[in-house]
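# Structural characterization, general
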Amino acid sequence: MKYIIGVGGVTNGGKTTLTNKLMKTLPNCCVVHQDDFFKKHDQIEVGEDGFRQWDVITALDMEAMASTVKGWMENPVKFAHSHGVTLSSPSVVADPDEQIHILIIEGFLLYNYLPLMDVFNKCYYISIPYEECKRRRSTRQYTIPDPPGLFDGHVWPMYLRHRNEMKDSGLNIEYLDGLKNKEEIYNQVYEDIQNNLLNRL
């Protein structure tokens, strides 16, 4: 059985923290990070707002990301081996087709790309308020540091725009409060996934 989980949300909301914890506890679990698909700095256009457009879908090579996801869907075992993920050994009796394989797709613009819309079995979205997001973002060290005014001039307006678009996507998205304790968020999601998987067996 294959099961695909989306962990989306605002920048610095806690997506990677949640994903990493789930990776360690879910069986046969692989992950695809959207951040791994950013185009090179010189391929990112400068927008009308005067900033390089990092927070839009065209800043990412989404075709490459979609084909990575497709690779997992076609052969989760091969994908896991090539990404160094150790699979739990199936019991002698178990039919390999009954073994659960989980893929987590993690990123800030997951639910705004049509070709991936129908792959998710479960969609989560972490939100935090403006002030907290700005505070967390200011403490992060990026390879290319944020130019002054980027958060208010580009990052936050784009987040609001994409979030509105996402609401119209028709996807069944479960919203998570990123201000909650990290353990609490993890426990809520882990329990929810377990229940979903049991219902599918």
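Residues numbered from 1 in each chain as written. Predicted model: local features only at pLDDT ≥ 70, side-chain atom pairs only at ≥ 80, totals over all residues. Heavy atoms only, no water.

## Focus: the overall build of the chain
The cut-off we apply is this: Put simply, DSSP marks the helices as runs of H or I at least four residues long and the strands as runs of E at least two long, and each gets a number from the N terminus on. Contacts: residue pairs with any heavy atoms within 4.5 Å of one another. Only the protein chains shown count as cover for residues, and all accessible areas are computed by the Shrake-Rupley method using a 1.4 Å probe. Positive residues here are Lys and Arg, negative ones are Asp and Glu, while His and the chain termini are left out of the count. Taken as the charge centre is NZ of Lys, CZ of Arg, CG of Asp or CD of Glu, depending on the residue.
The secondary structure content of the chain amounts to six helices and five strands. Ordered by position from the N terminus, the helices and strands of the chain form the series β-α-β-α-α-β-β-α-α-β-α. Considering only C-alpha atoms, the chain reaches an extent of 60 × 35 × 30 Å along its principal axes. Sequence-distant contacts in the chain: of pairs separated by 6 or more residues, those separated by 24 or more amount to 77%. If you sum the accessible surface of the chain, you get close to 11,000 Å²; carbon and sulfur atoms cover 51% of it. Taken together, the 21 basic and 27 acidic charged side chains of the chain have centroids lying 3 Å from each other.

## Brief notes about the sheet that holds strand β4 (residues 122–127)
Formally: Note on pairing: DSSP must find at least two bridges between two strands before they are called paired. To get an axis, fit a line to the C-alpha atoms, keeping to the stretch in contact for a helix; angles then go from 0 to 180 degrees between the N-to-C directions.
The strand order across the open sheet formed by five strands is β2-β3-β1-β4-β5, and the pairing between neighbours is parallel. Strand pairing shows two members of the sheet lacking a second neighbour, β2 (29–33) and β5 (173–177), which therefore form its edges. Taken pair by pair, the neighbouring strands of this sheet meet at an average axis angle of 20 degrees, ignoring direction.

## Thoughts on the packing of aromatic side chains
Cut-off, in case you're wondering: Here a Phe, Tyr or Trp ring, Trp counted by its six-membered ring, pairs with any other such ring whose centre lies within 6.5 Å, and the pair is stacked when the planes are under 30 degrees apart, edge-to-face when over 60, and tilted otherwise. Exposure categories follow from relative accessible area, calculated using a 1.4 Å probe and restricted to protein chains: below 20% of the type maximum is buried, above 50% is exposed, and the middle band is partly exposed.
Taken as a whole and assessed by the stated rule, the structure comprises ten aromatic pairs. Between Tyr 111 and Tyr 125 the ring centres are 6.5 Å apart and the planes differ by 45 degrees, which places this aromatic pair in the tilted class. Of this pair, Tyr 111 sits in the loop between β3 (101–107) and β4 while Tyr 125 sits in strand β4, and the two are 14 residues apart along the sequence. The burial state of Tyr 111 is the same as that of Tyr 125; both residues are buried. Relative to Trp 156, the ring of Tyr 130 has its centre 5.4 Å away and its plane inclined at 75 degrees; by these criteria the two rings are edge-to-face. In this pair, Tyr 130 is assigned in helix α4 (residues 130–139) and Trp 156 in helix α5 (residues 150–167), connecting sequence segments 26 residues apart. For Tyr 130, a relative accessible area of 27% gives the class partly exposed.

## Considerations on the pairing of strand β1 (residues 2–9)
The buried count for β1 comes to seven of eight residues, which makes it a mostly enclosed element. One ladder, built from seven bridges, connects β1 with β3; its direction is parallel. Paired with Gly 6 across the bridge in β3 is Ile 105. In this structure, β1 lies alongside β4, joined through five bridges in parallel fashion.

## What to know about unusual backbone geometry
Non-glycine residue Asn 12 carries a positive phi angle of around 60 degrees. Following the sequence through the fold, Asn 12 ends up in the loop between β1 and α1 (15–25). Residue Asn 12 is classed as buried on the basis of its relative accessible area of 9%. A positive phi is found at Asn 28, a non-glycine position, where the angle reads about 45 degrees.

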